[in-house]
Structure formats: C-alpha cells, structure tokens
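Structure at a glance
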Amino acid sequence: MKLKLTEVENAKDIKAASVPSRFQLDNAATIYPACRTRDWNNVYRFAIIFKEEINPVLLQQAVDDFYNRLPTYFVRLRTGAFWYYFERIRSSRVVVQEDYYPCRAVNLFDSEKPCFRVMYYKRRLSLEAFHGVADGGASLIFIKSIAARYLQLLGYKIEISGDLLNCEDSFKESEFEDSFKRHAVKVKGVKRSEVSSYQYEADPIPNYYKVIHGLIPVEDLKALSKEYSITITEYLSAVLLYAFYLDAPKPCKKPIKISIPISLRNSFESNSMRNFSLYTNIGFDATKKNNYTFEEVLEEIRGKLREGMDKEKLLKTFSKNVGDAGNPFVRFMPSGIKRQVLNLGFKKVGQNQFIASMTNLGIAKMPDSAMEHIDRFEVLLGETPVKHIAIALISDGKNMNISFTSNAKRVDVQRFFFTFLSQKGARVRIECNDKESWFKQ
Amino acid sequence: MRCLKCNVDLGDEYQLCPLCGSQAANERAVIEGMRTAEYPDVEYRPYPKRKVLGFFIAYLLTCAACMAADYINSGRLGISVLTAFILPCIWVLFIRPFVVKKEYIGSYILQDVFFLALLMLYISKVGTGNFGSALSHGIPILLIVSEIALLVSSLVEKYNRVISISYLLTGAAADIILIVIALSSRNVTLVLPLAALGTALVSLAIIKGLASKEFNEEIKARFKP
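Figured I'd write up the structure that's included with this text. (Residues numbered from 1 in each chain as written. Chains lettered and ligands numbered in written order. Predicted model: local features only at pLDDT ≥ 70, side-chain atom pairs only at ≥ 80, totals over all residues. Heavy atoms only, no water.)

Remarks on the overall build of chain B
- A tally of regular secondary structure across chain B gives six helices and two strands.
- The secondary structure elements of chain B, listed N-terminal to C-terminal, are β-β-α-α-α-α-α-α.
- Evaluated residue by residue, chain B yields a buried proportion of 37% over its 225 residues.
- Considering only contacts in chain B between residues 6 or more positions apart, those separated by 24 or more positions represent 48%.
- A total accessible area of about 13400 Å² is found for chain B, and carbon and sulfur atoms account for 68% of it. (Helix = DSSP H or I, 4+ residues; strand = E, 2+ residues; numbered from the N terminus. Buried < 20%, exposed > 50% of the residue type's maximum accessible area, 1.4 Å probe, protein only. Contact = heavy atoms within 4.5 Å. Areas by Shrake-Rupley, 256 points an atom, 1.4 Å probe, with all protein chains shown as cover.)

Written out as structure tokens, the structure is:
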C-alpha cells in the first residue's frame, strides 16, 4: 500500500521549548558534516521485521507522535560562520516506501525533511539516520519506540517499559545534553596516532550497496566462543580479522585492525539521545609471520577489546577530543577552512587506522507483547568512500543477525566469514538484497 | 533451500547462493521457521553527473554574448565585465537559495540586501561620482522593502517570528549606521533612513508582541549555562 500524504496529519508546530530552534552539534558529531561528499554522508540503518505487512499511514502517525518527544531528531543541518549547526524543522513527514539500496545519503540541508528517514517495504520498517544526529544506541531506542507506538496504533496492547520512550511524555533536558562535555576532564599528553592498517581492496560501485545478512542462533555462537573462554564479540572480531588476513596479499606489509564502536552509556551515566559513543581499534601485526592460524589471531587479540573499553582510557580519549574542539584557534577558524582540514584528517589519517568497522548493538529488548509481532531486528552500517565494507551485529536474544554492507560486488570476505562459522558447527542462514545473486541469469 | 558448498541455509526464493554463486539445493533448512525479509527490486542508479562543465560553458557563452552586444553598442568593455559578474550573482544570490536550497526568507533577504547594497554603492559611484544617492535613497528603500517582507513573512508564518526578530535587529542597526552617515554628510538626506528605522522598529514591536513567549523561551534555552 502506497502512502497517501493527504491521509497524514499535518506537520505540527515546534512546541518543545527546552530545545532551542538552532543548536550546536555534539562533540562526536562534529566530524560527520566535514567528511561528507556531494553524494555521500554517514548514514546507518536500523530495521525491524514485523510478522505482518506494514500500514504506512499508521506508521507516519507513530512518527508524528514522536515529534515533540524527540525534537533533536527533527532537524536539518545549516552552515554557520564557524561550524555547522542543527536547526529544528516543522515537518515530521519522513515515512517513504523503500525503493533503493539501503544507507544511501540523506539530504542534510533540506528545509522540509529532517536528517533521517523512516522507510517501509512489506514487513520491514527501517530507520536511516545521519550519524551526526544520534548514535546507534539512541536510534535503536527511537526505532523500538516507533515500533511499539505503531503496534499500539494497530490496536495491540503494548506495555511501554525498559528503554522504550512514551510519546506522551515530554522531552527531557537530559536527553539533549552533550554528554561528552559533561564528563570530560582536563588531560595532557594523550596521543591519537596509531600505526596504519592494511586496507581491503575492492572495485567500488558508486551508489551501490550490497547487503548480506547472516542469521545465526545465539546458542551456537555462545558454544563457539565458550571453547576459547571469550565473548561473542571477541570471537567474531577474530573471525573477521582472520577473513581479512586470508583475503590480503601475502606477505602482509601492515597490521590488520578493525574498529569497534563502543557505547559510552554503559560506562558513564547519560540519558543523552544524541551521540555518546567512541571506538577502539583492535587487531594483530600480520607482518610478524606468514602463516597465521585462527587460534593465533585469536590469542593476539585476546583481552585487547576489554583493554580498549577501559573507562579511564575512554575518558582520556574523549576528553582530548573535547579539549581540542574547545581550542580557540579551532573554534574560530572559518567553517570553510575547518571543513577541508577535518576532511583531510578523516581521509588520510582516521580512516587508515583500521580496515573496517564492526559494531555490536547487543540484544534488542522489547516487551513480550511487542515481540509477538516482530520477526527480527537488523542493523546496517553504511560504508564510507574509503571503506568498502562494514559489519554490524544485533540480536533478538534468539538469533544473531550479522549484516555485511559493501559497495563492491565481490564477497570473498563475507563468504569466508560465514563458511568458517558453519564449518565450526554454527547454523547459518544467508539473505542478500541483491537479487542478481539469487537467480540464474 | 541450502547451499551445500557453503553449508548455509537459503530462503525458498533462492536459486543461487549469494556467497559462492553455486546452485542452491532443494533441502530442508537447518534453522526452522525463518521467512525471508525481502528487499525491493532495485534498478541501479549511478550518482548524477556533475553539471559544472555545462554551466561553465553556458556562462562563458552568455558573457561573450553580453560583451559583444555591449561592445557593438557602446564601444566600452567596462560595463560588460559588470554584466558578466552580475549573471552568476543573480543565480547564486537570488535563484539558488530560494528555489533550489529553499532558504528561509530572513537569511535570503540578509545576503541579498548585502550584495545589492554593494552593487548600489558601485553604481552610485560610477554614475554620480559619490555614494550619496545609494546611501540616501537606494539602500534605505531596499531596507524598508526587506523589513516589510520580514514582517509579512512573520505574520503569515508563525515559525518565522523568532528568526525575523534577529534579522530586523540587524536591519535596525544598518538603519542607524545610515542615519549617522546622513548626519555627518551633506550629500545624504535623512528622511528615508529615518523611515527605514521607523519601519524596523514598528515591525519589531509587532513581531515581539506576537512572539514574545517563544522568543523568551529560546533566549532562555540558548543562554542557559
């Protein structure tokens, strides 16, 4: 069923007074407008697969109901003299039918549409958001809340509990805060430089996004990781690093490292519905010897993730970022020059430190009354112009959904990753968005 | 369906394995009760090509035509250069922000008043030898029209009220500068700058009356420590 705009309630006025009509980007969001290109910006996707097809009119109504509850999402980007800023917009009309590959760029400067979109296609409800608006942790809460509200509008009794937001509550000021600034301390002598990583080579196709989902029962992954007494994330990181290692030309001239985003909400008290996450790079030095086995890779990275998630280390890293952003020379540099400097730093330094990002959103919990109507969750990371592959994990407690996004046709790393797990005894189900690879030509 | 080579389950719709491309076998899936979550059929669309070259060529041709016409008429090249400068300005300042980027009327007016004022000063200097006519007539009239436009947009659109206050304050500041110049110069008359200031103040009073609550809330939220 196509959405008829005439059936949708008109956009509401801006009422939530606690959020100014124009506000600064948070500390982590600063980089995202700088590294965008004309056709690309940093977009990720959360999706919920329902058991029934989606009614777009009720979905739009569910999104409308969150307009005053989460005003920080209904914003567009504007260019200021010294940096970009967000401006709230009146429209909440963001529901569209999915008609292209996922994670394509969002129009950030549109005066009538916010920096996110909500899409539907058959049973799939997707939220695609520009990373500058909020991080994955906040957006997962947002899409779960939209889904709960949508089910309520369908007439089901859904209890709003846990981290779900009630659209009838008012916006809390603590959800607007830049938690980086609140927790930052004065630090000295923190270095960001790291050895650059080997880079995955592929022939990228512009505006093409291949998604491969691998659905694996959590119990199978638990059994595999238990063999080595490590967490599932560590185990899957090791498999991914090993897949990249096997794909790389030998002998390797550089270490192989992946970037793992970390939600700071677990370590630092925060209710913020904006960005509050950091990342850590883990990997191994593939130059040391020629024939690494999986077990050796696993031993190399054992404990490194826990080390990277150390509270003190994270505090120092983001305090350094906050300190640098507050430097008067940086603050009062005209935005045109600042953008070029940050863009260069992002492409030449930041992106060279790892081969790909792998994020684990953990278990997406919703009340049982809602889970009855939900098949599964998905999360996709959009790739960047310099990274051709990204991996995202989410689980509903029963199955882990591992999603590879790539802007190239070749799937060697994905194939090795999933066949390795199936050889080790995990049950794997594969789904793909590119129907060319489903059927015989 | 299953891929026996990769040892993975596939959906019932699959004939090939997305990982290795081999034929899917009609075997029972190991994980039961799963349904394929379909994606839409998509036709690949490359990014739209940049039209910079076309624009540039069109611009050069237009400039050349303007220059040729001016040279045939007057034998002077100066005004042609001005025409060549004005053409992209019209696009950048008037058409693109309002039609393509859909800027709010306030920021649209602000940048356009700025550049039109510069143009008026230039024309005044070229035409009369001083800035007098631009400062006493052209720019004040421009400001009056802009202030009325801001007032109308605020009356029509509630959301524009708070933003318009800051633009009107900028306009009032420009009016005061014009009055100061008029008081210190014999070439500039005081009537129109005073009328512009009056328009700005009346507009401010009307909008402030309409938007006082929202304005106070925004100021409070913005300057809150």
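Having seen the model, we can carry on.
Side note on the packing of helix H2 (residues 56-65) of chain A against helix H3 (residues 136-153) of chain A
All names here are of chain A.
- The interhelical angle for the contact between H2 and H3, taken along N-to-C directions, is 125°, at an axis separation of 9 Å. Considering the angle they form, H2 stands oblique to H3. Seen from above, H2 lies across H3 with right-handed handedness. Contacts between H2 and H3 involve Leu58, Leu59, Gln61, Ala62, Val63 and Asp65 from the former and Ile146, Arg149, Tyr150 and Leu153 from the latter.
- For the contact of H2 with H3, a count of residues per class yields seven nonpolar, one polar and two charged. (Axes fitted to C-alpha atoms, helices over the stretch in contact; angles between N-to-C directions. Parallel < 35°, antiparallel > 145°, perpendicular 65-115°, else oblique. Left-handed = near helix turned anticlockwise from the far one by under 90°. Nonpolar A, V, L, I, M, F, W, Y, C, P; charged D, E, K, R; others polar.)

Examining the pattern of salt bridges
Residue and element names in this part refer to chain A.
- Following the criterion strictly, the structure yields 34 salt bridges over all chains and no others.
- With a shortest N-O distance of 2.9 Å, Arg124 and Glu378 are connected by a salt bridge. Of this pair, Arg124 sits in strand E7 (residues 124-130) while Glu378 sits in strand E12 (residues 374-381), and the two are 254 residues apart along the sequence. A single burial state applies to Arg124 and to Glu378, both of which are buried.
- Each of Arg22, Arg76, Arg78 and Glu87 takes part in salt bridges that share partners, so that together they form one network. (Salt bridge = Lys/Arg side-chain N within 4 Å of Asp/Glu carboxyl O.)

Here's the deal with the side chain of Thr199 of chain B
- Mapped onto the elements of the fold, Thr199 of chain B is located in helix H6 (residues 191-223).
- Not counting residues up to four positions away in its chain, the partners in contact with Thr199 of chain B are Ile144, Glu147 and Ile148 of chain B.

Looking at the sheet that holds strand E1 (residues 22-24) of chain A
Residues and elements named next belong to chain A.
- On the basis of which strands lie adjacent, the open sheet formed by three strands has the order E1-E4-E3 and antiparallel pairing. The sheet is open, and its two edges are formed by E1 and strand E3 (75-79), each paired on a single side. On average, each strand axis in the sheet is inclined to that of its neighbour by 35°, with strand direction left out of account.
- The sheet contact formed by E3 and strand E4 (residues 84-88) spans five bridges and is antiparallel. Bridged to Arg78 within E4 is Tyr85. (Pairing = 2+ DSSP bridges.)

Things to note about the sheet that holds E12 of chain A
All names here are of chain A.
- Read from one edge of the open sheet, five strands run E5-E6-E7-E2-E12, paired in mixed fashion. Because the sheet does not close on itself, it has two edges, and the strands there are strand E5 (95-97) and E12. Neighbour-to-neighbour, the strand axes of this sheet turn through a mean angle of 20°, independent of strand direction.
- Taken together, the seven bridges between strand E2 (residues 43-50) and E7 define a ladder with antiparallel strand orientation. Following the sheet pairing, Ile48 is matched in E7 by Leu125.

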